[in-house]
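Architecture and fold: a report
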Amino acid sequence: MFALPPGALRVVHLSDSHLSGDGSLHQGSVDTLAALDRVLAEAARVDGVRLLVGSGDLSDDGSTASYALLRDRLEAWAASRDGQVDVVLVPGNHDLRAGFTEVLGDGHLAHGAQPCATEPVDGVSLVDGWRVVTLDTSVPRAGYGLLRPEQLDRLRDLLAEPAPRGSVVVLHHPPLPAPTTLHESLALQAPEALAEALEGTDVRVVLAGHYHRPVVGSLAGVPVLAAPAVANETDVCAPHGTERAVRGSGFLIVDLLPDGSVRSTPVRVHDEHDGAEVFVLDEEAVRAIAVAAGAPAPA
């Protein structure tokens, strides 16, 4: 692995583990806890990690049992690194705030703040001079993402004073064009509002999930990195209007360097079932999900 210069921050960035509290298989075929264990075993080979980020859809059923499984796995992984890794988590559209906050607090496990379970679960912590800001883009009982005006106001106030080394923003829904028709309907609404809040600040990278595929872009000149999923992989080559997922897991290694650059390295975590079909949705099924869980049409 690349050597890190002094003042750099190395992040293991995973997303979309879709754990269940009762051990049931995701989409009837994927043991997501076993997939998470494989991802963490591979990530344990990475030197110099100081921060582990989980960018949403951590649970599939929102149960406290699923979050307890996740917490125990991640805390054990961090402890195996001589306690030198902070763990920061943010909810996604499959997560439920009540279960999330009961077990994980505001997602910044090192300080354990307990937010209100009915409000967006935002948080902030400092890791070796790097400010890590989490923004809850989930909308209860929906699949699309939204940042409320009050969240953006708090973000602007927070970023008004630069952190010693810079800031990292973590959310679930990427402020990037979606790779499939289904994800278009479940995308972050009004990403331009987030762009305005980031403009001219010390934010060095935005980390996201949701797309079940590594995607790279930028917003207001800030790199945006969507991580591959633990649970499965979106088939971005499926016919337009349909949705297909296959077996596959991975994570990102993200290096924030003192010269201002950001380096992202996707890591695939191999399993004998890689590439096997998990589900396929035709155009009618995609439209039905978009109606039920997608963003409402403008008035």
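The structure this text deals with has already been given above.
Computed from a predicted model, the values in this text were never measured in an experiment.

Scoring rules and cut-offs
Residues numbered from 1 in each chain as written. Predicted model: local features only at pLDDT ≥ 70, side-chain atom pairs only at ≥ 80, totals over all residues. Heavy atoms only, no water. Helix = DSSP H or I, 4+ residues; strand = E, 2+ residues; numbered from the N terminus. Polar contact = N/O pair within 3.5 Å; in protein donor to acceptor, adjacent residues only side chain to side chain. Contact = heavy atoms within 4.5 Å. Pairing = 2+ DSSP bridges. Axes fitted to C-alpha atoms, helices over the stretch in contact; angles between N-to-C directions. Expected span 1.5 Å × (residues − 1). Buried < 20%, exposed > 50% of the residue type's maximum accessible area, 1.4 Å probe, protein only. Parallel < 35°, antiparallel > 145°, perpendicular 65-115°, else oblique. Left-handed = near helix turned anticlockwise from the far one by under 90°. Salt bridge = Lys/Arg side-chain N within 4 Å of Asp/Glu carboxyl O.

Brief notes about the side chain of aspartate 235
For aspartate 235, the location among the structural elements is in the loop between strand E10 (233-234) and strand E11 (243-246). At 3.0 Å, the side chain of aspartate 235 and the backbone nitrogen of cysteine 237 are in polar contact. Ignoring sequence-local partners within four residues, the contact set of aspartate 235 consists of Arg244 and Ala245.

Side note on the sheet that holds strand E3 (residues 86-90)
Hydrogen bonds between backbone atoms are what pair the strands of a sheet, whose relative direction is either parallel or antiparallel. The strand order across the open sheet built from five strands is E3-E2-E1-E12-E13, with neighbouring strands paired in mixed fashion. Each end of this open sheet is capped by a strand with a single partner; those strands are E3 and strand E13 (262-269). For this sheet the average axis-to-axis angle between neighbouring strands, irrespective of direction, equals 20 degrees. Sheet analysis places strand E1 (residues 9-14) next to strand E12 (residues 249-256), joined by five bridges and oriented antiparallel. Each bridged residue has a counterpart across the sheet, and for valine 11 the counterpart in E12 is valine 254. Contacting E1, strand E2 (51-55) and E3, helix H2 (residues 64-79) runs over the sheet at an angle of about 150 degrees to E3.

A look at H2
A rise of 1.5 Å per residue sets the reference length of H2, with its 16 residues, at 22 Å; its end C-alpha atoms lie 22 Å apart and thus fit the reference within 8%. Turning to H2, its buried residues are Ser66, Tyr67, Ala68, Leu70, Leu74, Trp77 and Ala78. Each element contacted by the buried residues of H2 is listed here: E1, helix H1 (32-43), E2, E3 and helix H3 (97-104).

Observations regarding the packing of H1 against H2
The N-to-C vectors of H1 and H2 enclose an angle of 15 degrees; their axes lie 11 Å apart at closest approach. The angle between the axes of H1 and H2 places the two elements in the roughly parallel class. Considering only the axes of H1 and H2, their crossing is right-handed. Of the residues in H2, those touching H1 at Leu33, Leu36, Asp37, Leu40 and Ala43 are Leu69, Leu70, Arg73, Leu74 and Trp77.

Here's the deal with the pattern of salt bridges
Pairs can form between side chains of opposite charge whenever their charged atoms are close. Taken as a whole and judged by the stated rule, the model has 20 salt bridges. A salt bridge links glutamate 233 to arginine 268; the shortest N-O distance between them is 2.6 Å. With glutamate 233 in strand E10 and arginine 268 in strand E13, the pair connects residues that are 35 residues apart, well separated along the chain. Glutamate 233 gets classed as buried once you look at its relative accessible area, which sits at 18%. Residue arginine 268 is classed as partly exposed on the basis of its relative accessible area of 40%. Salt-bridge contacts for aspartate 235 lead to arginine 244; the nearest nitrogen and oxygen are separated by 2.9 Å.

Digging into H3
Judged by how many residues are buried, H3 sits mostly within the fold: six of eight residues are covered. Within the sequence span of H3, burial applies to Arg97, Gly99, Phe100, Thr101, Val103 and Leu104. Glycine 105, located one to two residues past H3, shows a positive phi value of around 60 degrees.

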